[in-house]
Amino acid sequence: MSSYRLTAPAPGWTTTTDVVVVGSGVAGLTVALNARKAGLRAMVVTKAMLDDGSTRWAQGGIAAALGPGDTPEQHLADTLVAGAGLCDEEAVRTLVTEGPDAVRHLIATGAAFDQDADGEILLTREGGHHRRRIAHAGGDATGAEISRALVEAVRSDPGVELIEHALVLDLLTDADGHAAGLTLHVMGEGQRDGVGAIRSRAVVLATGGMGQVFSATTNPAVSTGDGVALALRAGAEVTDLEFVQFHPTVLWLGPDAEGQQPLVSEAVRGEGAYLVDADGVRFMVGQHELAELAPRDIVAKAITRRMEQRGTEHMYLDGRHFGAAMWAERFPTILASCRSHGIDPVTELIPVAPAAHYASGGIRTDLSGRTTVPGLYACGEVACTGVHGANRLASNSLLEGLVFAERIAADLAARSRAGDLPERTVDVAGARAAHAVPLLAPESRADVQRLMSRGAGVLRSAASMAATAAGLAGLAADARTHATEEKPADPRVETWEATNLHLVATALVAAAALRAETRGCHWREDFPERDDAHWRRHVVTTLAADGTPVGTVEPQ
Ligand SMILES: Cc1cc2nc3c(=O)[nH]c(=O)nc-3n(C[C@H](O)[C@H](O)[C@H](O)COP(=O)(O)OP(=O)(O)OC[C@H]3O[C@@H](n4cnc5c(N)ncnc54)[C@H](O)[C@@H]3O)c2cc1C
């Protein structure tokens, strides 16, 4: 049994399946569909509606060596460069060699990618790719199309049971420590209402990212890092958490804006928009030879520095010279999004600031998606397969979700054939012996986000992270005090999410404080250089006996 669990009522109902998949993005739905092909019963549990994860929001596309002259070797080389010395080369090789077929399988499932007049998939280029290898759908609506196709496929497969509006709480294990199901809270009516338990032969976490740990993020509201928090409580290893990719230009919606904020795509800068401060100074010129088109991390860092120097919360993007026709033809989505927030990019500067975009780290897995807890798998953004290293190459994440989902299903199928996936016996009542973590009040969510954005965002230092860690420890102490004074926060979705966010934030800050160098998307103001001699290794995080996350540097 896990030694820690979220405070929650005892399960009032139980159901059974072969494989329970948590999350309904590209990763979770692909696992479920492939597990079905292997003859396993699958149940998909998802926090909101089926298409409410990050997958639906993906704009750019999906990278795979599909074009003439491109090869997996070239895709591998580009991915390794982006990963800044920390990619697992075998994992990347798996991604790039199995990627093209995984995209073809997705097309066979029903996803319609943009094609030329001869029916060939149109491929574009993105930062860091030396070839045109990004397949896209509906122009900039790739994720929406992938989500549509996968949702349609699972909905028409009677062997996949879907439970929407259900927040998964904790893992259940059997006497051997093998994953044997999970506890969850269903926000519904009827038999499966409230806290219940699902017994299963294996559990797959596909819960997506953790962008909501920061005040500003491109991630949707469901991206609260629940999978990583659950895995830590279950005793799993989590790795590379410090590597958070920040998107440099997200529409700034005001000082009190929290949560998901609209992207102003790199393509706007690609077409010639400038970054300026309030005085109209183009501050990227002279910072990098590519000015506004420097790599994302450089631009995010320069914007943040300028904001700190000027004491402001945003910079501006100037695309007024495009004119009305070009805005309408080339960037209709962004134009509409800006206008819906009262900004007209045709005549006005667009206020922009960096925001958390992608978690390169996550629950550590092998090439079959197995975590360090037997029977527990992780897939998609929640996992750390080793393919991204210290920074993700653009458009590799949807591909990772597809490729490793297929591998997890193949592993489950092989285990099933070999008789290595038996029914598990789990004592649901006994699982309650695990230590119940006191819950944070719902308003702590915003406190966690503010602390993280202030001290553990784009620019980090020992001092900023010590302040963040102290603030986070204070929130945990308040929760403990309230619990002992018999005024604990009620167990409900908002308090469970706040508690998960807090655990993930604490783990992230501990890892980032440990890594005393600058590498990939981790920028330390006090250690501005990459230090291969000491730091070409991973930080692995687990929960200590007292329930706090502890990072250790993996030996070389
Ligand atoms: C704005 C934006 C643009 C992007 N553009 C691209 C791009 O062009 N190309 C690319 O490759 N990548 C892109 N990405 C990244 C990519 O979209 C994600 O990494 C990927 O979709 C993650 O897929 P996933 O299946 O792992 O998770 P998600 O799609 O995020 O799904 C996670 C699922 O888990 C569920 N869940 C979470 N917690 C719980 C819980 N406790 N209980 C039950 N269910 C839970 C959620 O509700 C959701 O269904 C972009 C991301 C964003 C936000």
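In what follows, the structure referred to is the one given above.
All of these numbers come straight from a predicted model, not from anything done at the bench.

K.L.:
Honestly, the overall build of the chain in this entry has me stumped. Any pointers?
P.N.:
Counting secondary structure elements, the chain contains 14 helices and 25 strands. For the C-alpha atoms alone, the extent of the chain along its principal axes is close to 65 × 60 × 50 Å. Across the 556 residues in the chain, those meeting the buried criterion constitute 57%. Sequence separation of at least 24 residues holds for 72% of the intrachain contacts in the chain that already meet a minimum separation of 6.

K.L.:
Whenever I open this one, the packing of helix 12 (residues 462-484) against helix 13 (residues 493-514) confuses me. Can you help?
P.N.:
For any two helices packed against each other, one specifies the inter-axial angle together with the distance between the axes. Two numbers describe how helix 12 lies on helix 13: the axes approach to 10 Å, and their chain directions differ by 155 degrees. Here helix 13 runs roughly antiparallel to helix 12, going by the angle between their axes. The chirality of how helix 12 crosses helix 13 is left-handed. Touching M465, T468, A469, L472, L475 and A476 of helix 12 are H502, A505, T506, V509, A512 and A513, all from helix 13. When grouped by side-chain class, the residues that make up the contact of helix 12 with helix 13 number nine nonpolar, three polar and no charged.

K.L.:
Explanation requested: helix 13 in the structure shown.
P.N.:
For the α-helix, the turn length of 3.6 residues means that residues three or four positions removed from each other point alike. Look at helix 13: 32 Å from first C-alpha to last across 22 residues, which is about the 32 Å you get at 1.5 Å a residue. Of all 22 residues in helix 13, 17 are buried; the element is thus mostly enclosed.

K.L.:
Would you mind showing me how to read the packing of aromatic side chains here?
P.N.:
Geometrically, a pair of aromatic rings is defined through the distance of the ring centres and the angle of the planes. Counted by the stated rule, this structure contains four aromatic pairs. Between F322 and W327, the aromatic rings sit 5.3 Å apart at their centres with planes inclined by 40 degrees, giving tilted as the arrangement. For F322, a relative accessible area of 10% translates into the label buried. For W327, a relative accessible area of 0% gives the class buried. Here the aromatic cluster, defined as three or more aromatic residues joined through ring pairs, consists of F322, W327 and F331. Lying over the aromatic face of Y358, R392 brings its terminal NZ or CZ to 4.4 Å of the ring centre.

K.L.:
How should the site of the ligand be read in this particular structure?
P.N.:
Around the ligand, a shell composed of 37 residues is seen, among which T55, G61, D226, E381 and S397 lie nearest. Within the backbone of A27, a nitrogen or oxygen atom sits 3.0 Å from an oxygen atom of the ligand. V168 is positioned with one of its backbone polar atoms (N or O) 2.9 Å from a nitrogen atom of the ligand. Here the ligand loses 97% of its free accessible area of 1000 Å² to cover by the protein chains. Secondary structure elements with two or more residues in the shell around the ligand: helix 1 (26-37), strand 9 (166-173), strand 19 (350-359) and helix 10 (397-417). Counted by class, the shell around the ligand contains 14 nonpolar, 19 polar and four charged residues.

K.L.:
Looking at this model, I keep getting lost on the state of the cysteines. Mind explaining?
P.N.:
Simply put, disulfide is the name for a covalent bond between the sulfur atoms of two cysteines. Under the criterion given, the structure shown has zero disulfides. Residue C384 stays outside any disulfide, its sulfur separated by 9.7 Å from that of C87, the closest cysteine. Classification of C384 as buried rests on a relative accessible area of 6%.

K.L.:
Even after reading the chapter, I still don't get the sheet that holds strand 24 (residues 539-543), so can you show me in this structure?
P.N.:
Note on sheets: strands pair through backbone hydrogen bonds, and any given pair is parallel or antiparallel. Reading across the sheet, the five strands line up as 22-20-14-24-25 and stay open at both edges, with mixed pairing between neighbours. Looking along the sheet, the strands with just one partner apiece sit at the ends: strand 22 (383-384) and strand 25 (549-553). Alignment of strand 20 (residues 362-364) against strand 22, held across two bridges, turns out to be parallel. What sits directly across from R364, in strand 22, is C384.

K.L.:
When you look at the nonpolar core in this model, what are you seeing that I'm missing?
P.N.:
A general feature of soluble globular proteins is that nonpolar side chains tend to end up buried together. Ranked by size, the top nonpolar core spans 65 residues in total, and within it L184, V228, I363 and M452 carry the most contacts. Looking at this core, the element that brings in the most residues is helix 13, giving 10 residues. Not counting chain neighbours up to four residues away, the residues in contact with I363 comprise L205, G227, V228, A231, A236, E237, V238, T371, A378, V382, A383 and C384. If you look at the next biggest cluster of nonpolar residues, it comprises 53 residues, including V19, V26, V44 and V403.

K.L.:
Sorry, what's going on with the side chain of S24 here?
P.N.:
Within the secondary structure layout, S24 lies in the loop between strand 3 (19-22) and helix 1. The class for S24 is buried, based on a relative accessible area of 8%. Separated by 2.8 Å, the side chains of S24 and T46 make a polar contact. Among the polar contacts listed, one links the side chain of S24 to the backbone oxygen of L50, at a separation of 2.6 Å. With sequence-adjacent residues up to four places away left out, S24 is seen in contact with L29, V44, T46, M49 and L50.

K.L.:
Please clarify how the sheet that holds strand 7 (residues 134-135) should be interpreted in this entry.
P.N.:
Taken together, the three strands give an open sheet; going across it, the order is 5-7-6, and neighbouring strands pair in antiparallel fashion. The sheet terminates laterally at strand 5 (62-63) and strand 6 (123-124), the two strands that pair on one side only. Relative to strand 7, strand 5 runs antiparallel, the two being bridged by two bridges. In the strand pairing of strand 7, A63 is matched with I134.

K.L.:
Could you clarify how one ought to interpret the pattern of salt bridges in this entry?
P.N.:
Side chains that differ in sign of charge can pair as their charged atoms come close. Using the criterion set out here, one finds 43 salt bridges in the structure. For the salt bridge of K47 with E497, the shortest nitrogen-to-oxygen distance reads 2.8 Å. Of this pair, K47 sits in the loop between strand 4 (42-45) and strand 5 while E497 sits in helix 13, and the two are 450 residues apart along the sequence. The exposure classification of K47 matches that of E497, with both residues buried. With its nearest N and O atoms 2.8 Å apart, the salt bridge here joins R148 to E145. With a gap of three residues between them, R148 and E145 both fall in helix 4 (residues 142-155), about one helical turn apart. Put simply, E242, R515, E517, R519, R530 and D532 are held in one network by salt bridges that share partners.

K.L.:
What is the right way to look at the environment of R417 in this model?
P.N.:
As for its position among the elements, R417 is in helix 10. For R417, a relative accessible area of 68% gives the class exposed. Note: C-alpha distance between R417 and A38 (379 residues apart in sequence) is 9.3 Å.

K.L.:
When you look at the environment of L86 in this model, what are you seeing that I'm missing?
P.N.:
Mapped onto the secondary structure, L86 falls in the loop between helix 2 (72-82) and helix 3 (89-109). On the basis of relative accessibility, which here comes to 3%, the residue L86 falls in the buried class. Sequence separation between L86 and N391 is 305 residues, and the spatial gap between their C-alpha atoms is 8.7 Å. Other than its neighbours up to four places away in sequence, L86 contacts F243, G389, A390, R515, R519, W535, R536, R537 and H538.

Cut-off values and rules
- Residues numbered from 1 in each chain as written.
- Predicted model: local features only at pLDDT ≥ 70, side-chain atom pairs only at ≥ 80, totals over all residues.
- Heavy atoms only, no water.
- Helix = DSSP H or I, 4+ residues; strand = E, 2+ residues; numbered from the N terminus.
- Buried < 20%, exposed > 50% of the residue type's maximum accessible area, 1.4 Å probe, protein only.
- Contact = heavy atoms within 4.5 Å.
- Axes fitted to C-alpha atoms, helices over the stretch in contact; angles between N-to-C directions.
- Parallel < 35°, antiparallel > 145°, perpendicular 65-115°, else oblique.
- Left-handed = near helix turned anticlockwise from the far one by under 90°.
- Nonpolar A, V, L, I, M, F, W, Y, C, P; charged D, E, K, R; others polar.
- Expected span 1.5 Å × (residues − 1).
- Phe/Tyr/Trp six-rings, centres within 6.5 Å; stacked < 30°, edge-to-face > 60°.
- Lys NZ or Arg CZ within 6 Å of the ring centre and 35° of its normal.
- Near = heavy atom within 4 Å.
- Polar contact = N/O pair within 3.5 Å; in protein donor to acceptor, adjacent residues only side chain to side chain.
- Areas by Shrake-Rupley, 256 points an atom, 1.4 Å probe, with all protein chains shown as cover.
- Disulfide = S-S within 2.5 Å.
- Pairing = 2+ DSSP bridges.
- Core = buried A, V, L, I, M, F, W, Y, C linked by side-chain atoms within 4.5 Å.
- Salt bridge = Lys/Arg side-chain N within 4 Å of Asp/Glu carboxyl O.

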